[in-house]
Every structure is written in C-alpha cells, then in structure tokens.
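Residue-level structural notes
Now for the letters of each chain:
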Amino acid sequence: MDIVIITGASKGIGKELYKQFGEDGAAVYGLARSNPDQLEHIKEVDVTDTEKASALLKSIVMRHLDKAGSFTLINNAGVIDPISLTGALPAEEVERAVQVNLTAPIQLINTFIASLEEFTGTKKVLNISSGAGRYAYEGWSIYCATKAGLDQFSAVVALEQRQAANPVGIVSIAPGIIDTGMQETIRSSSAEQFPHLEKFVNYKEQGQLSTAEETAGQLLRFTKETNFLEAETISDIRQT
C-alpha cells in the first residue's frame, strides 16, 4: 500500500494531486484549512499550527506503518502574499508567508523523517517550490525568499539522508505557471506592487498557463517514476 499525504489538498494543484493519486490506487490523506467538497480523508488544520499538523502527520504514518510499502509527503500548501515592494510589506502577511511556505514544511519533514526512521520501505518528500526561488522578482521578495529557503533546506536534507540507514528521498520541484487561485491573486495586484504584472496578465490572455489537472498529472508521473534518492534535489517539472 502506498500512503500519500498532501498539504493544501482542498484546492488548486493539491486538490488535483489528492484526486489523481487516489485514482492511481494510493491511500491519500490531505491536510487543509478547509474541506468545502467534504473529501473523505482531508484533515482540517492550518499548517501554521505546526504542533497540530505534525501530530496529524505522525498519526497517519503510525496508523499504516505495519502495512505500507511506501510513504510520500507532498508539501504543496503555499501563499504568494504579500505582493509589495520592500518598505511597504505588511508585517502580519510577512509572518504568515514565512510560516506557510517555509516553517510548516520544515516541521512536517522533520516529523516525517523522525516517524519513519526505522521504516525500510520507500520514503519520498516532494516539495512544491517555484522558479521564484531561483530568480528574483520585484514585489515578490517574501515569496522568492521562502521558496529559495525551501530549496536550500531540501538540499541539506538530501545530503544528510545519504548517511541514513533508511534514507528519505527529497526533491524540491518548480511546477511551472499554473492557472490557480494564486495566479488570480497575482493578476489582482497593482503594477506598483508588482512591476511584472503585465507579463502575468499576458500569460492568462495568451493561454500560456497550465491547468492544475495537467500539472498534477505531471507531478504524479514524476513522483511514481523517479528515484528520489538519485534525482536532482532542486528540479523543474518542465525539465524532467
């Protein structure tokens, strides 16, 4: 049995990943702030409540430890706000973005590795990163910084796991530009806040955005077909 745990599983890419992994035969669990579609195995939790989220992750792992052949954690939850030039960043939004995009996945990965230290089956962590973690965009200082931090944290974990008796494979992957609520948020910002606004409006108008369904399908295939212990830790779905 393959166990897959996905954060941000109630909408966008997370919802599609939840659906497609389930259709593929995995036992899928989601962590999300809400569950508007009443999906069966969604645990309602804000990932910024790291104690509760980590406890839920550990309980899922322990429930299946004796029968599972593999465990996969997908850190998908993320926020783009605040979109603003530095000097005008709302403090509360900065704090929440760091918690959602960086602190929460760090804590969940820490719990995942600790809970499965003696497990000899396949163990994978897929972090949904962004090209923004690898390139600088004015107005996205916090999003760029948190995704860069996620990439670098993943790289360190990969190095550490080379020494582990039962290693966890980890990949931090940029999924491309996807037509989700995050893109709507970007397009609703102002050019003053985000100088690259016109480019992202054009992506939508010219049909250059991938759908959440298409992207989830690519990520599903990547996760199934890739040996995470041998893969490039910092990756891009468009180059796989």
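Our subject is the structure listed above.
We now turn to the structure provided with this report.

Conventions adopted
Residues numbered from 1 in each chain as written. Predicted model: local features only at pLDDT ≥ 70, side-chain atom pairs only at ≥ 80, totals over all residues. Heavy atoms only, no water. Phe/Tyr/Trp six-rings, centres within 6.5 Å; stacked < 30°, edge-to-face > 60°. Buried < 20%, exposed > 50% of the residue type's maximum accessible area, 1.4 Å probe, protein only. Helix = DSSP H or I, 4+ residues; strand = E, 2+ residues; numbered from the N terminus. Pairing = 2+ DSSP bridges. Right-handed = clockwise from strand over helix to strand, strands pointing away. Axes fitted to C-alpha atoms, helices over the stretch in contact; angles between N-to-C directions. Contact = heavy atoms within 4.5 Å.

Turning our eyes to something else, we now look at the packing of aromatic side chains. For the structure on display, the rule yields four aromatic pairs. Where Tyr137 meets Trp140, the ring centres are 5.2 Å apart and the plane angle is 50 degrees; that geometry is what we call tilted. Between Trp140 and Tyr143, the aromatic rings sit 5.7 Å apart at their centres with planes inclined by 80 degrees, giving edge-to-face as the arrangement. Of the two residues, Trp140 and Tyr143, neither departs from the other in class, the shared state being buried. Taken together, the ring pairs in this structure connect Tyr137, Trp140 and Tyr143 into an aromatic cluster.

Further remarks concern the pairing of strand E6 (residues 169-174). For a regular strand, side-chain orientation follows a simple rule: the groups alternate between the two sheet faces. E6 sits mainly inside the fold: six of its six residues count as buried. Because side chains alternate across E6, one face comprises the buried residues Gly169, Val171 and Ile173, and the other comprises Ile170, Ser172 and Ala174, equally buried. Relative to E6, strand E5 (residues 122-128) runs parallel, the two being bridged by five bridges. Within the sheet, the bridge partner assigned to Asn127 lies in E6 and is Ser172. Taken together, E5, helix H4 (residues 141-161) and E6 constitute a β-α-β crossover, and its handedness is right-handed.

Sheet architecture is open: seven strands sit in the order E3-E2-E1-E4-E5-E6-E7, paired in parallel fashion. Sheet topology places strand E3 (42-44) and strand E7 (234-236) at the edges, where each strand pairs with a single neighbour. When strand polarity is set aside, the average angle formed by the axes of neighbouring strands in this sheet is 20 degrees. Pairing geometry for strand E1 (residues 2-7) and strand E2 (residues 27-32), over five bridges, is parallel. Its bridge partner being in E2, Val4 is matched across the sheet by Val28. Contacts from helix H1 (residues 12-23) reach E1, E2, E3 and strand E4 (70-75) within the one sheet, and its direction differs from that of E2 by about 165 degrees.

Just geometry here; none of it tells us what the structure is for.
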